[in-house]
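Inside the fold
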Amino acid sequence: MYLSDLVVASCRSVRLLGVNLLFSDNRLHMVTSSHDPTETTDRAITVVLLDTDRERRDCQSYEEAIAVVKEELTPGTVAKIEDRDGEIVFTSNEMSIDAWEVEWRQQKRRLSVETEDHVCPYDNVGCIFDDLCVQCKMDAVQNSF
């Protein structure tokens with residue numbers, strides 16, 4: 001990946017010793033071709049703890065936020081995880097943190113894997129190549145004979 005491929009407003013790029021560096025708003029970003037983050041942000045993932053008062057804890061990752069929720073969650077406490085855009089992505093009174101963590105890891109893994117395109121002939125939006133809808137599963141079984 002080269003910085004010339006990116007369109008970034010008000011940024012300055014430098015290539016130093018084979019590493020692309022991007023400067024913007026007094027911040028330094030490294031653009032790499034590995035799995036390292038290509039950008040950093042000042043916004044944090046926030047854990048909101050509601051018991052007798054409202055406590056907010058900023059976390060740098062979802063792993064850290066999950067650990068905070070597991071550590072601080074008591075029977076009288078409601079915990080929420082707020083993403084970097086300010087949307088609530090987890091609420092402890094709707095789902096257990098362990099179940100949410102499993103689902104989050106599956107979605108993260110699904111996004112990191114190159115997937116083949118699958119268009120459901122039945123227009124089921126939840127039907128994807130590794131989690132087919134019932135109709136597509138039945139078609140696959142019928143086509144295997």
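One structure accompanies this document, and this report is about it.

About the thresholds
- Residues numbered from 1 in each chain as written.
- Predicted model: local features only at pLDDT ≥ 70, side-chain atom pairs only at ≥ 80, totals over all residues.
- Heavy atoms only, no water.
- Core = buried A, V, L, I, M, F, W, Y, C linked by side-chain atoms within 4.5 Å.
- Buried < 20%, exposed > 50% of the residue type's maximum accessible area, 1.4 Å probe, protein only.
- Helix = DSSP H or I, 4+ residues; strand = E, 2+ residues; numbered from the N terminus.
- Contact = heavy atoms within 4.5 Å.
- Polar contact = N/O pair within 3.5 Å; in protein donor to acceptor, adjacent residues only side chain to side chain.
- Phe/Tyr/Trp six-rings, centres within 6.5 Å; stacked < 30°, edge-to-face > 60°.
- Pairing = 2+ DSSP bridges.
- Axes fitted to C-alpha atoms, helices over the stretch in contact; angles between N-to-C directions.
- Arc of directions from axis to C-beta.

Moving on: the nonpolar core. Soluble globular proteins tend to bury their nonpolar side chains together. Formed by 14 residues in total, the largest nonpolar core has its most connected members in Val47, Val69, Ile81, Ile97 and Trp100. Mapped onto this core, the elements with two or more residues apiece are strand 4 (45-50), helix 1 (62-72), strand 6 (78-82) and helix 2 (97-112). When residues of this core are assigned to their parent elements, the largest contribution, four residues, is made by helix 1. Apart from residues lying up to four places away in sequence, valine 69 is in contact with Val47, Ala79, Ile81, Phe90 and Ile97.

Tracing the sequence through the fold places aspartate 83 in the loop between strand 6 and strand 7 (88-91). Ignoring sequence-local partners within four residues, the contact set of aspartate 83 consists of Ala44, Tyr62 and Val89. A polar side-chain atom of aspartate 83 sits 2.8 Å from the main-chain amide nitrogen of glutamate 87.

What follows concerns the packing of aromatic side chains. All chains considered together, the criterion is met by four aromatic pairs. Ring plane angle 45° and centroid distance 6.3 Å describe the contact between tyrosine 62 and tryptophan 100, whose orientation is recorded as tilted. With tyrosine 62 in helix 1 and tryptophan 100 in helix 2, this pair connects stretches of sequence that are 38 residues apart. By relative accessible area, tryptophan 100 is classed as buried at 10%. Ring centres of tyrosine 62 and tryptophan 104 lie 5.6 Å apart, and the angle between their planes is 45°; on these two criteria the pair is classed as tilted. Within this pair, whereas tyrosine 62 is found in helix 1, its partner tryptophan 104 is found in helix 2, the two being separated by 42 residues in sequence.

Judged by pairing direction, the sheet is antiparallel, and its four strands sit side by side in the order 5-4-6-7 without closing on themselves. A single partner strand is all that each edge strand has here, and the edge strands are strand 5 (54-59) and strand 7. In this sheet, neighbouring strand axes are inclined to one another by 20° on average, regardless of whether the strands run parallel or antiparallel.

Quick look at the pairing of strand 7 now. Relative to strand 7, strand 6 is paired through three bridges, and the arrangement is antiparallel. Looking at the pairing, glutamate 82 lines up with isoleucine 88 of strand 7. With antiparallel pairing between neighbouring strands as the criterion, strand 6 and strand 7 make up a hairpin whose turn holds five residues, including glycine 86 at a positive phi of roughly 90°.

We now examine helix 1. Among all positions of helix 1, only Ala65, Ile66, Val68 and Val69 are buried. Along the long axis of helix 1, the arc covered by the buried residues comes to 160°, so they all point the same way.

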